[in-house]
Amino acid sequence: MRYRCHAKVNMTLSILGRRGDGYHTIRSIFQAVALHDDLAVERSSSGIGLEVRSPFPGIPSSGENLVIRAVREVMAHRGVSCGLEMVLTKRIPPGAGLGGGSSDAFAAIRALDGLLSLELTEDEYLEIAARIGSDVPYFYYGGTAMVTGRGEHVTPLADFSDREAVIVMPPRAISSKDAYRWWDERSGSSHQALQDARSCATLPDEASLVIGNDFEEVIFSRYHEIAHIKEKLLALGCEAASLTGSGSAVVGYHREKGRLRDFAGAFSGECLVIPTTTLRRSQCMT
């Protein structure tokens, strides 16, 4: 069984405060894009094996990988066991705010459900996904969705209009843990001021959707090169651009196909430039 594990971008992201359990309450619009990893899964005689094929260093193939954790969560939930051989082909850069690990994990849940004919219900999918990570439940729906709480509450929205997009990843990964810590250190009594100061833009035919990300204030102040990526994307004619998740990738939205050379030429060779498109929900179910 083979699955595409699509990346997501955050078209909006508001941090509403720190919770008592150490997580943060957010409100965000997630959008699926065509960039994807691939996960292939088949039965084996024994054990759970994962081979990772990746141009990005440091991605584990052991129990630290969310794919392995997802498989174990499903088996524990249903009280089943089987041998598996899995191959994960990575294209989504880690530490970018693109949800690659979460998408891979959800694909593993789907794969095991199909392989073992478990017929998991929607509630079971979401329960298992939430135990693995805050972003994982979103991938049950894909497309455009409002995500709230710590990320586990997902409300599907009408599909966003099709857009060309370009993802620019600098040679620096940012952990979500660090980004939230920086937010806590800097916000304090100035939380509302930080929200008011964020840089936003409205896409012309999506009047109700304001592109923006609360993390930009704390990330851009530390890493000026990431702020410059956004500036360059806007200068190149993107209708809007913003940090995705806690970074470090920046996403620009535009209408013209075939502009990879323009975008790639604007950034140093150290930046990874990935052309992609937004996806409708029906396009994510593969």
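Right above here is the structure, for reference.
As the structure is a computational prediction, the values presented were derived from the model and not from experiment.

Criteria and thresholds
Residues numbered from 1 in each chain as written. Predicted model: local features only at pLDDT ≥ 70, side-chain atom pairs only at ≥ 80, totals over all residues. Heavy atoms only, no water. Helix = DSSP H or I, 4+ residues; strand = E, 2+ residues; numbered from the N terminus. Expected span 1.5 Å × (residues − 1). Buried < 20%, exposed > 50% of the residue type's maximum accessible area, 1.4 Å probe, protein only. Arc of directions from axis to C-beta. Contact = heavy atoms within 4.5 Å. Phe/Tyr/Trp six-rings, centres within 6.5 Å; stacked < 30°, edge-to-face > 60°. Core = buried A, V, L, I, M, F, W, Y, C linked by side-chain atoms within 4.5 Å. Pairing = 2+ DSSP bridges.

Q: An account of helix α7 (residues 224–235) is requested, with residue identities and associated values reported.
A: The end-to-end C-alpha distance of α7, which contains twelve residues, comes to 16 Å, matching closely the 16 Å that a straight helix rising 1.5 Å per residue would cover. Every buried residue of α7 is accounted for by Ile-226, Ala-227, Ile-229, Lys-230 and Leu-233. Across the axial projection of α7, the buried residues extend over an arc of 150°, all falling on one side. The elements touched by buried residues of α7 are β7 (164–169), α6 (216–222), β10 (240–243), β11 (250–254) and α8 (260–266). Of the residues one or two after α7, Gly-237 is the one with positive phi, at around 105°.

Q: An account of the packing of aromatic side chains is needed here, citing residue identities and associated values.
A: The final tally for this structure, using the stated rule, is eight aromatic pairs. On the basis of an interplanar angle of 70° and a centroid distance of 5.1 Å, the ring pair of Phe-30 and Tyr-138 is categorised as edge-to-face. Of this pair, Phe-30 sits in strand β2 (residues 24–44) while Tyr-138 sits in the loop between α3 (122–132) and β5 (144–149), placing them 108 residues apart in sequence. Arranged with centres 4.9 Å apart and planes meeting at 70°, the rings of Tyr-138 and Phe-139 form a pair that is edge-to-face. Given a relative accessible area of 11%, Phe-139 falls into the buried group.

Q: Any details on the nonpolar core? Residues and values, ideally.
A: Proteins that are soluble and globular tend to have nonpolar side chains buried together. Membership of the largest hydrophobic core comes to 40 residues, with the highest contact counts inside it found for Leu-39, Met-86, Ile-109, Leu-112 and Tyr-138. Residue assignment for this core shows that the elements contributing at least two residues are β1 (2–18), β2, α1 (66–78), β4 (83–89), α2 (100–115), α3 and β5. Per element, the largest residue contribution to this core is seven residues, and it comes from α2. In terms of nonpolar packing, the next biggest core, distinct from the first, is built from 27 residues, Tyr-180, Phe-220, Ile-226 and Phe-263 among them.

Q: Now, about unusual backbone geometry: what can you tell me, with residues and values included?
A: Geometrically, the link from Gly-247 to Ser-248 is a cis peptide bond, its omega value of 15° lying close to zero. For Ser-248, the location among the structural elements is in the loop between β10 and β11. Of note in this structure, Ser-117 is not a glycine but carries a positive phi near 50°. The residue Glu-119 is not glycine, and still its phi comes out positive at about 55°. Mapping Glu-119 onto the fold places it in the loop between α2 and α3.

Q: Please provide a residue-by-residue account of the pairing of β10, values included.
A: Here β10 pairs with β11 via four bridges, running antiparallel. Its bridge partner being in β11, Ser-242 is matched across the sheet by Val-251. Between β10 and β11, which pair antiparallel one after the other, the connecting turn spans six residues, and Gly-245 there sits at a positive phi close to 55°.

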